[in-house]
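# Architecture at a glance
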Amino acid sequence: MSLSKQTVSIGLVNPKNPVNVASILRAAGCYGVSSVFYTGYRYRIAKNFNADTKAFHKKIPTIGVDDLKEVVPENASVVAIELVEGALPLPEFKHPENAMYIFGPEDGSLDKNVLEWCDHVVYIPTYSCMNLAATANVVLYDRLAKSEYISGNSLIRESRDNNNQSKL
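All of the points below concern the structure found in this document. (Residues numbered from 1 in each chain as written. Predicted model: local features only at pLDDT ≥ 70, side-chain atom pairs only at ≥ 80, totals over all residues. Heavy atoms only, no water.)

With their axes 8 Å apart at the nearest point, helix H1 (residues 18-31) and helix H4 (residues 132-145) run at an angle of 10° to one another. The pairing of H1 with H4 is recorded here as roughly parallel in orientation. Here Asn20, Ser23, Ile24, Ala27, Ala28 and Tyr31 of H1 lie close against H4, whose contacting residues are Leu132, Ala133, Ala136, Asn137, Leu140, Tyr141 and Leu144. In terms of residue class, the contact of H1 with H4 is built from 10 nonpolar, three polar and no charged. (Axes fitted to C-alpha atoms, helices over the stretch in contact; angles between N-to-C directions. Helix = DSSP H or I, 4+ residues; strand = E, 2+ residues; numbered from the N terminus. Parallel < 35°, antiparallel > 145°, perpendicular 65-115°, else oblique. Contact = heavy atoms within 4.5 Å. Nonpolar A, V, L, I, M, F, W, Y, C, P; charged D, E, K, R; others polar.)

Right, here's the structure in full:
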């Protein structure tokens, strides 16, 4: 799977922490996510206090919706990320080219009715649950690591911060 052929969206179920959502937006910008959808009222109230230092919220549509199922992109496979018995471990998962990843709230889990309409349910094998932003970062990195991606000095120069001009 080539990164240029991918379509990736993220769905967040009632996130509460604007810092976590800002971190997800930063990851979304780094890994080529095209849109972020969220449900619930908590982030809508807190989003003015965000910490999106790269301002990806201005580049990636971040849209509040009532129901994530209604905004699944055309032909997308829906992948729930949840610590639930019977889920597939992330290292064994083959990411679809067109995917929408669904993440639960920081202080809860995805409801069974959400899990039922997802095409895949995947978990990250850890010794404890991770926070929302860390989970999204790991999933998006895993997707990248399992894809055909461009590497080399030109990508490093394009990706790094202006303060970093180091060379080996």
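Still more ground to cover, so stick around.
For the rest of this paragraph, the subject is the pairing of strand S2 (residues 35-38). In S2, alternate side chains face the same way, and those of Ser35 and Phe37 on one face and Val36 and Tyr38 on the other are all buried. Relative to S2, strand S1 (residues 7-12) runs parallel, the two being bridged by four bridges. Within the sheet, the bridge partner assigned to Ser9 lies in S2 and is Ser35. Handedness of the S1-H1-S2 crossover: right-handed. Strand direction decides the pairing type here: S2 and strand S3 (residues 62-64), joined by three bridges, are parallel. Bridging across to S3, Tyr38 finds its partner in Gly64. (Buried < 20%, exposed > 50% of the residue type's maximum accessible area, 1.4 Å probe, protein only. Pairing = 2+ DSSP bridges. Right-handed = clockwise from strand over helix to strand, strands pointing away.)

Turning next to H1. Every α-helix winds through 3.6 residues per turn, so residues three or four apart in the chain are directed the same way. A rise of 1.5 Å per residue sets the reference length of H1, with its 14 residues, at 20 Å; its end C-alpha atoms lie 20 Å apart and thus fit the reference within 8%. All of the buried residues in H1 are Pro18, Asn20, Val21, Ala22, Ile24, Leu25, Ala27 and Ala28. The N-capping residue of H1, defined by a side-chain oxygen 2.7 Å from the backbone nitrogen of Val19, is Asn17. One or two positions beyond H1, positive phi appears at Gly32, with a value near 80°. (Expected span 1.5 Å × (residues − 1). Polar contact = N/O pair within 3.5 Å; in protein donor to acceptor, adjacent residues only side chain to side chain.)

Turning next to the pairing of strand S7 (residues 120-123). In this sheet, S7 lies alongside strand S4 (residues 77-81) in parallel orientation, the contact comprising three bridges. Bridge assignment links Ile81 to a residue of S7, and that residue is Val122. Here strand S5 (residues 88-89) pairs with S7 via two bridges, running parallel. Bridge pairing in S7 places Pro89 opposite Tyr123.

Here we have seven strands laid out as an open sheet, ordered S3-S2-S1-S6-S4-S7-S5, and parallel in their pairing. Edge positions in the sheet fall to S3 and S5, since each has one partner strand and no second. With respect to the sheet, H4 is in contact with S1, S4 and strand S6 (98-103), its orientation differing from that of S6 by roughly 160°.

Turning to the pattern of salt bridges, a few remarks are in order. Counted under the stated rule, the structure contains one salt bridge. We note a salt bridge from Lys146 to Asp142, for which the minimum N-O separation is 2.9 Å. (Salt bridge = Lys/Arg side-chain N within 4 Å of Asp/Glu carboxyl O.)

Taken by themselves, the reported measurements are silent on function.
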